[in-house]
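The lines below spell out each chain.
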Amino acid sequence: MHQHTQALLEIDDVSKSFGDTRVLQGVSFEAARGEIICLLGPSGCGKTTLLRIVAGLEQADAGQVLLDGRTLAGVPVHRRGFGFMFQDYALFPHRNVYDNVAFGLRMAGQSKAARHSRVMEVLALVELAGLETRRVHELSGGQQQRVALARSLAPQPALLLLDEPLGSLDRTLREELLGELRRILKQTPAGPGGERGITSIYVTHDQQEAFAIADRVVIMNAGRIEQIDTPLAIYRQPASPFVARFLGMHNLLPSQIVAGAPEWLVATPVGLLRCTAGPAGALADASLWALIRPDAARLAGPAAGEAENLIQGRLLELSFRGSQVKIALGYGDGQRLVFDLPGAAAAELPPAGEALQLALAPEGISLLARTP
């Protein structure tokens, strides 16, 4: 019997080209049983192609995909036993909710009684109990997504593959379904031993979606993996300027190490900054990027004196968002840093164009190795 901890899915050195275009280059990672992995990256980075290779809809040029230690080479899509929730896997609009969800079970030849109990179970899980006889075209967008999810979960797939499943929904509905989706994937009975949590590979270009859903995030760029880690670890220590910028962190300053770990001191264009996280093996005088996260700043009054990590500049612009106020601080020769301050700080900000002093939390600054 396999241990619970053994990887269910292994992607081993997978490469793929379409004509002269390299879409995937030596991609490797694994998914443990019950783990939700999000493939996150900009359009065209290869994430959907990777998902289609796992599904069996595309063939890798090199490398392999293993399920439970066995290669999937030559195993056709319908024999892999995976669940799909792709944008182009449309529901049957003129069938009712029950018939849509029962579809895969009927194809698998399940008895009517077994089908019925399973359909009712998954409809309860996605909170659509009582809507069995509704036609799909009478449902809201959010309800339709729940039906699609129920349909993909009904046959108890070994692995669930989701490609931008919330892409067609508006922002508010997406927010609402995000927490729900994670709960459903984590509560779905997944194995004969009664374990819960279905192993899922989820493709999105939306960072908030990935962070809300995933146990681990695989950040991809131009067919390669830039970083794999938990959402919190990636947010705290992006592995590269690409990851930082992709996550919306644009405050990257060229810097030189003045003093090393455990408390790093670096010289930057806005002055000496103390920070807590640096790359392993970095030496004094090394050139790095200092990444200042948008939430690292707070207002520092004129009385702050020589406190640590004070930076000066001019308030270029501000945008009040209720619980947050977004500001741009100008410094040097047309350079800018962008910060999110608590909404209450809006009342204390000077008018645009005036001088502004901010204090930066050392734990809000990370050092990234400087790669070309």
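Use the structure listed above.
Thresholds, definitions, all that
Residues numbered from 1 in each chain as written. Predicted model: local features only at pLDDT ≥ 70, side-chain atom pairs only at ≥ 80, totals over all residues. Heavy atoms only, no water. Buried < 20%, exposed > 50% of the residue type's maximum accessible area, 1.4 Å probe, protein only. Helix = DSSP H or I, 4+ residues; strand = E, 2+ residues; numbered from the N terminus. Pairing = 2+ DSSP bridges. Axes fitted to C-alpha atoms, helices over the stretch in contact; angles between N-to-C directions. Contact = heavy atoms within 4.5 Å. Salt bridge = Lys/Arg side-chain N within 4 Å of Asp/Glu carboxyl O. Polar contact = N/O pair within 3.5 Å; in protein donor to acceptor, adjacent residues only side chain to side chain. Phe/Tyr/Trp six-rings, centres within 6.5 Å; stacked < 30°, edge-to-face > 60°. Lys NZ or Arg CZ within 6 Å of the ring centre and 35° of its normal. Expected span 1.5 Å × (residues − 1). Arc of directions from axis to C-beta. Parallel < 35°, antiparallel > 145°, perpendicular 65-115°, else oblique. Left-handed = near helix turned anticlockwise from the far one by under 90°. Nonpolar A, V, L, I, M, F, W, Y, C, P; charged D, E, K, R; others polar.

Buried residues dominate strand 19 (residues 355-360), accounting for five of its six residues. Here strand 15 (residues 297-299) pairs with strand 19 via three bridges, running antiparallel. The partner of Leu 299 across the bridge, within strand 19, is Leu 358. Here strand 16 (residues 310-320) runs beside strand 19; their pairing, made up of five bridges, is antiparallel. Residue Gly 313 lies in a different strand from strand 19, and its bridge partner there is Leu 356.

Within a regular strand, the side chains alternate between the two sheet faces. Pairing between strand 16 and strand 17 (residues 324-331): six bridges, direction antiparallel. Bridge pairing in strand 17 places Leu 315 opposite Leu 329. The turn linking strand 16 back onto strand 17 is made up of three residues, and Gly 322 within it adopts a positive phi angle of 85 degrees.

Our next topic: the sheet that holds strand 7 (residues 159-163). Strand order in the open sheet formed by six strands is 6-7-8-3-9-10, and the pairing between neighbours is mixed. The open sheet is flanked by strand 6 (82-86) and strand 10 (224-229), the only strands paired with a single partner. Geometrically, the sheet is characterised by an average inter-axis angle of 15 degrees between neighbouring strands, direction not taken into account. Helix 1 (residues 47-55) rests against strand 3 (36-40), strand 6, strand 7, strand 8 (200-204) and strand 9 (216-221) of the sheet, and its axis sits at about 150 degrees to strand 7. Along the sheet face, helix 4 (residues 141-153) touches strand 6 and strand 7 and points at about 165 degrees away from the line of strand 6.

What follows concerns the pattern of salt bridges. Inspection of the entire model under this criterion finds 18 salt bridges. The salt bridge involving Asp 215 is made with Arg 182; its shortest N-O contact spans 3.0 Å. Taken as a pair, Asp 215 in the loop between helix 6 (207-213) and strand 9 and Arg 182 in helix 5 (residues 171-187) lie far apart in primary sequence, 33 residues in all. Linking Asp 215 and Lys 186 is a salt bridge whose minimum nitrogen-to-oxygen distance equals 2.7 Å. Of this pair, Asp 215 sits in the loop between helix 6 and strand 9 while Lys 186 is found in helix 5, placing the two residues 29 residues apart along the sequence. Through salt bridges with shared partners, a single network forms among Arg 171, Arg 174, Glu 175, Asp 206 and Glu 209.

A few words on the environment of Arg 314. Within the fold, Arg 314 resides in strand 16. Sequence separation of Arg 314 and Asp 20 is 294 residues, and the distance between their C-alpha atoms is 49 Å. Those residues in contact with Arg 314 that sit more than four places away from it in its chain are Ala 328, Leu 329, Gly 330, Gly 353, Glu 354, Ala 355 and Leu 356.

Along the chain, the position of Ser 240 falls in the loop between helix 7 (231-236) and helix 8 (241-246). Residue class for Ser 240 comes out buried when judged on its relative accessible area of 11%. Of note is the side chain of Ser 240, whose polar atom sits 2.7 Å from the side chain of Glu 226. Those residues in contact with Ser 240, other than ones at most four positions away along the chain, are Glu 226 and Leu 368.

Before going further, it helps to spend a moment on the sheet that holds strand 19. On the basis of which strands lie adjacent, the open sheet formed by five strands has the order 15-19-16-17-18 and antiparallel pairing. Among the strands making up the open sheet, the edge pair consists of strand 15 and strand 18 (335-342). Strand-to-strand twist of the sheet, defined as the mean angle between neighbouring strand axes without regard to direction, takes the value 50 degrees.

Checked against the element boundaries, Gly 41 lands in the loop between strand 3 and helix 1. Since its relative accessible area comes to 0%, Gly 41 is described here as buried. Through-space distance from the C-alpha of Gly 41 to that of Glu 226 is 9.6 Å; in sequence the pair is 185 residues apart. When near neighbours in sequence (up to four residues on either side) are disregarded, Gly 41 contacts Lys 47, Thr 204, His 205, Met 220 and Phe 246.

Moving on, we come to the packing of aromatic side chains. Tallied over the full model, the rule gives three aromatic pairs. Here the aromatic rings of Phe 242 and Phe 246 are separated by 6.0 Å at their centres, their planes lie at 10 degrees, and the arrangement is stacked. One end of the pair is Phe 242 and the other is Phe 246, both in helix 8 and four residues apart, which spans about a single turn. Of the residues examined, Phe 246 reaches a relative accessible area of 22% and is grouped as partly exposed. Here Arg 95 stacks its cationic end above the ring of Phe 92, 4.8 Å away from the centre of that ring. Cation over ring: Arg 151 sits above Phe 92, and NZ or CZ is 5.5 Å from the ring centre.

On to helix 3 (residues 112-125), then. Taking 1.5 Å per residue as the helical rise, helix 3 with its 14 residues ought to reach 20 Å, and the 20 Å between its terminal C-alpha atoms agrees with that figure. If you check which residues of helix 3 are buried, you get Arg 115, Arg 118, Val 119, Val 122, Leu 123 and Leu 125. Along the axis of helix 3, the buried positions cluster into a sector of 150 degrees, meaning they face one direction only. Buried residues along helix 3 sit in contact with helix 2 (97-107), helix 4 and helix 5.

Before going further, it helps to spend a moment on the packing of helix 2 against helix 4. Look at helix 2 against helix 4: their axes get within 7 Å of each other, and the N-to-C directions meet at 30 degrees. The angle between helix 2 and helix 4 falls in the class roughly parallel. Considering how the two elements wind past one another, helix 2 and helix 4 form a crossing that is right-handed. Contacts from Val 97, Asn 100 and Val 101 in helix 2 reach Val 147, Ala 150 and Arg 151 in helix 4. Grouping the amino acids of the contact of helix 2 with helix 4 by side-chain chemistry returns four nonpolar, one polar and one charged.

Honestly, that's just the spatial picture; any functional story needs more than this.
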